[in-house]
Each structure stands twice: as structure tokens, then as C-alpha cells.
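Coordinate inspection notes
Okay, here's what each chain looks like letter by letter:
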Amino acid sequence: MDHVSSGSAVDPCVVANVDTAGVGCRRVWTLAIPCALLAVGSLAVWRLPRATMAPALAAAMPPDPDDVDGDGLHAALEVVLGTNPNAADSDGDGYSDGEELARGSSPKLDTSLPNAAGPSAFMAAYALPGTGSIRSVAALYLSAADGDWDTKTLSVGVRVKQHIMPLSQELWWNASTIFNQTGSQGGKVRILDWPFNGNYITRFGSLSFFTKISNGTDVLAAGVTNLVDMNGTKVEFVYTSAASLGARPGGVAPTGTGYYRPVDASSVPLEWTPGSICVQTLHTLGSQGPIVTHEVVDADCEVGFDASCSPDCESTLGDTIDILDPGVLIGG
């Protein structure tokens, strides 16, 4: 399963003169993007954002049927992540699940507490069971000292093969449900959740979304989600840097680990092993800007995960994988 491409052309769909007013800035962009990337089947995805900040003296809004616990995360995403869709704070550590995701800690472990003191970003993906619709999620955070969202610029882009392209805000902002929450110590949590055409994962083998928080020309934080088609099953590839793992046989030093998490638990093939996940040890081969190519130097199903493992996991040994490095997107 080789996800490194030769840079074949992506069918363009020109979006000209897109006015991005209303999200803390005003810009006019002319972009080329994959034509149907954010279309779901034959349905348009333009929807009004869901406002979650009720005006003063307004009656309390009824619970969102997709987010009963009010943590900003769709119940289907919580199933993918392994958090409790009926508890805003799954691990009981005093931080909501949405805030923990946005600040880089685990909402499933009470010993894992938010460590991001300033702007931070996290991304994930999930599928709506039975619909074929896949959604991308950006969980974002500003501390009380960082100011308001209207002083920052939010941007979203996509990696398709070796192409990095920004997406106009008309294609993701207008299609998003938007959740705003005051976090701990007066911080600000914002969660954006928008649909895209999952057929593009199958068509290109993999793709990545990224989001950035900027202050003028400075990128303050970036988040990434890498999505892969694994023999017809769409999964999210989650990467963790781990240079301290030690040398592998043959003297190859791993530079990280990665695992595949199905984005729709209801569509996992019966032959996959439940309660486990495909974990790979990776060695970095090189990079092209923020696109980093890794070689799989070890792969095996490991138990103890709220997911399933493909029987082809071990056969990925020797494969190469392209992912985005959020540190490079920030400029570090």
C-alpha cells in the first residue's frame, strides 16, 4: 500500500473572487481546488452555521440531538475517539472533551491534562453511520490572553497527492456547524465540523486536511488530519513523534509511530479484529515542505484500543506514507 504519488494532476475547479469577510478578516482569493471535494453525493453542502452562543435573556436552547452532552463533539465522533457521548467530561478531570482535544490532551485519561497555554489546534475525522458522509473536525483554542476569535484568521487547506491547496472559506466555513465555548481560565474553545466527499480518499488513496490559526502574517497553531483508504475502508492515520523508541533491527532508527483508526465503526469489515488497531513504527525518508514521507519499518495489530485492526496490517511493512507536519505549517 504505497501512498507516495508521482504528483499527477488534480482536476481543478476555479473559485474566483471569494469574499472571506466575517471571520476576523476580509480577503478576496482566487483559488484552484478539487472540484467536488466538499460535495456529498449530488447534494450541495451549503448550510447556515449553527450558532451556539445564545443572546442575552434568550430562552435556553434545547440540547443538540447530535451532541447531547454539549462538549462540541458529534456523538459519532465520540464513538470513533472512544469518549463518552453522554458526558461532557469523559475522564472527570475538570476539562470538557472538546477543550482537551483543542489543547492536545486526552479526554479519556484523567492524568492527561491540557498543556497548551496559548493558541492550539487539533483535527479529526468521522463518518455519519449509514450515510456515506464523512466530516472533518477542527478543535481550536485561544487562552484568555490571546484575545478574541475576531482578531485571528482561521484558514483550512488540503493535501491531495503532492499538492498543497488552501480552501476558500466559502467552501468550509459556510458548510460548518460551529460550536463556541468558554473554557478553563477564560479560554475560548471553537469547534468547526464540516462535510466533504469521502470518495476522494478512495480516488487518491489518501488526503490530508489542515487548519491554521494566524495573527496577521504569523501562524500561531496548526492541526492536521490524515485520511487513508485501506482496501476500501476509510481510516484516519494518527501520527506520534517518538524518536526515543530506540533502534529497530538492522540499525534503522524509528522517528515515530502511527496507527489507523476507522472513521466509521459500523462499516468495518467483519474480518478485521475488534478491540485492536494497526500500529506502525516509522522511519522518516524525507520531506517536501510540510509533506513528510515515512517508511513503515514495523507493523502489527495491538490490543487495547476502541477500534479494529485490518488483517493486512503486517503486510504494510515497507510501505511509504505521506503525512503533513503541523510544525512545518506553523513555520517551526
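All values reported here derive from a predicted model rather than from experimental measurement. (Residues numbered from 1 in each chain as written. Predicted model: local features only at pLDDT ≥ 70, side-chain atom pairs only at ≥ 80, totals over all residues. Heavy atoms only, no water.)

1. Comments concerning the overall build of the chain
Put simply, the rule is: The helix and strand labels rest on DSSP assignments: H or I over at least four residues marks a helix, E over at least two residues marks a strand, and numbering proceeds from the N terminus. Think of it in three bands: residues with accessible area under 20% of the maximum for their type are buried, residues over 50% are exposed, and the middle band is partly exposed, with areas taken using a 1.4 Å probe on protein chains only. Here, residues are in contact when the closest pair of their heavy atoms is within 4.5 Å. Residue burial considers only the protein chains on display, and all accessible areas are found by Shrake-Rupley using a 1.4 Å probe.
Scanning the chain from terminus to terminus reveals five helices and 15 strands. Residues counted as buried form 51% of the 332 residues belonging to the chain. Looking at the chain alone, contacts between residues at least 24 apart form 59% of all its contacts between residues at least 6 apart. Entry remark: accessible area of the chain is about 14,600 Å², with carbon and sulfur atoms responsible for 55%.

2. Quick word on the sheet that holds strand β7 (residues 177–182)
What counts here: If DSSP finds at least two bridges between two strands, the strands pair. Axes, fitted as lines to C-alpha atoms, cover a helix only where it is in contact. Angles between the N-to-C directions of the axes lie from 0 to 180 degrees.
Taken together, the four strands give an open sheet; going across it, the order is β3-β4-β8-β7, and neighbouring strands pair in antiparallel fashion. At either end of the open sheet lies a strand with only one pairing partner, and these are β3 (120–127) and β7. Each strand axis lies, on average, 15° off the axis of its neighbour in the sheet, ignoring direction. Where β7 and strand β8 (residues 188–196) come together, six bridges link them in antiparallel fashion. Counterpart to Gln181 in the pairing with β8 is Val189.

3. What about the layout of surface pockets?
Defined as follows: With a 1 Å grid spanning the protein atoms alone, the term cavity applies to any set of points in which a 1.4 Å probe fits but cannot get out, the term pocket to an open set with protein on both sides within 12 Å along at least five of seven lines, and the term lining residue to any residue with an atom within 4 Å of a point. Grid points are joined across faces, edges and corners, and a volume is the space filled by probe spheres set on the points.
The calculated volume of the largest pocket comes to roughly 1,100 Å³. As for the largest pocket, its lining consists of 41 residues, and the residues nearest its centre are Phe122, Val238, Tyr239, Thr240 and Tyr259. If you list the elements that add at least two residues to the lining of the largest pocket, you get α1 (75–81), β3, β10 (218–230), β11 (233–241), β12 (256–262), β13 (273–288), β14 (291–309) and β15 (320–324). If you tally residues by element for the lining of the largest pocket, the top one is β14, at seven residues.

4. Concerning unusual backbone geometry
Among all residues except glycine, the phi angle is most often negative; among peptide bonds, the trans geometry is most common. With a phi angle near 55°, Lys161 is a residue other than glycine that sits in the positive phi range. For Lys161, the location among the structural elements is in the loop between β5 (153–160) and β6 (163–167). Take Lys161: its relative accessible area is 17%, and that puts it in the buried class. Although it is not a glycine, Gln185 adopts a positive phi angle of roughly 50°.

5. Quick notes on the nonpolar core
This is how the line gets drawn: The set of buried Ala, Val, Leu, Ile, Met, Phe, Trp, Tyr and Cys residues whose side-chain atoms join them within 4.5 Å is what this entry labels a nonpolar core.
Within the largest apolar cluster, 31 residues are counted, with the highest numbers of intra-cluster contacts made by Leu140, Leu154, Trp172, Leu192, Trp194, Phe209 and Leu227. For this core, the elements supplying multiple residues, two or more each, are β3, β4 (134–142), β5, β6, β8, α4 (199–204), β9 (206–215) and β10.

6. Thoughts on the pattern of salt bridges
What counts here: One speaks of a salt bridge when a side-chain nitrogen belonging to Lys or Arg is within 4 Å of a carboxyl oxygen belonging to Asp or Glu.
Per the stated rule, a full pass over the model turns up four salt bridges. Two residues, Glu99 and Arg103, come together in a salt bridge whose shortest N-O distance is 2.8 Å. Looking at Glu99, the relative accessible area reads 3%, which means it is buried. Residue Asp193 pairs with Arg135 through a salt bridge whose shortest N-O separation is 2.4 Å. Here Arg135 lies in strand β4 and Asp193 lies in strand β8, a separation of 58 residues in the sequence. Looking at Asp193, the relative accessible area reads 6%, which means it is buried. Given a relative accessible area of 8%, Arg135 falls into the buried group.

7. Thoughts on the state of the cysteines
What counts here: Cysteine sulfur atoms that pair up within 2.5 Å are treated as a disulfide.
What the rule picks out here adds up to two disulfides. Linked covalently through their sulfurs, Cys278 and Cys313 form a disulfide whose S-S length is 2.2 Å. Given an S-S torsion of about 80°, the disulfide between Cys278 and Cys313 has right-handed geometry. Taken together, the positions of Cys278 in strand β13 and Cys313 in the loop between β14 and β15 put the pair 35 residues apart, joining distant regions of the chain. When sorted by exposure, Cys278 lands in the same class as Cys313, which is buried. A disulfide bridge connects Cys301 with Cys309, and the sulfur atoms are separated by 1.9 Å. The disulfide joining Cys301 to Cys309 has a torsion of about -80° about its S-S bond and is therefore left-handed. For Cys309, a relative accessible area of 0% corresponds to the buried category. Cysteine pairing in the chain follows 1-4, 2-3, where each cysteine in a disulfide is numbered by its order in the sequence.

8. Some remarks on the environment of Glu236
Summarising the element assignment, Glu236 is placed in strand β11. Sequence-wise, Glu236 and Asn226 are 10 residues apart; in three dimensions their C-alpha atoms are separated by 5.8 Å.

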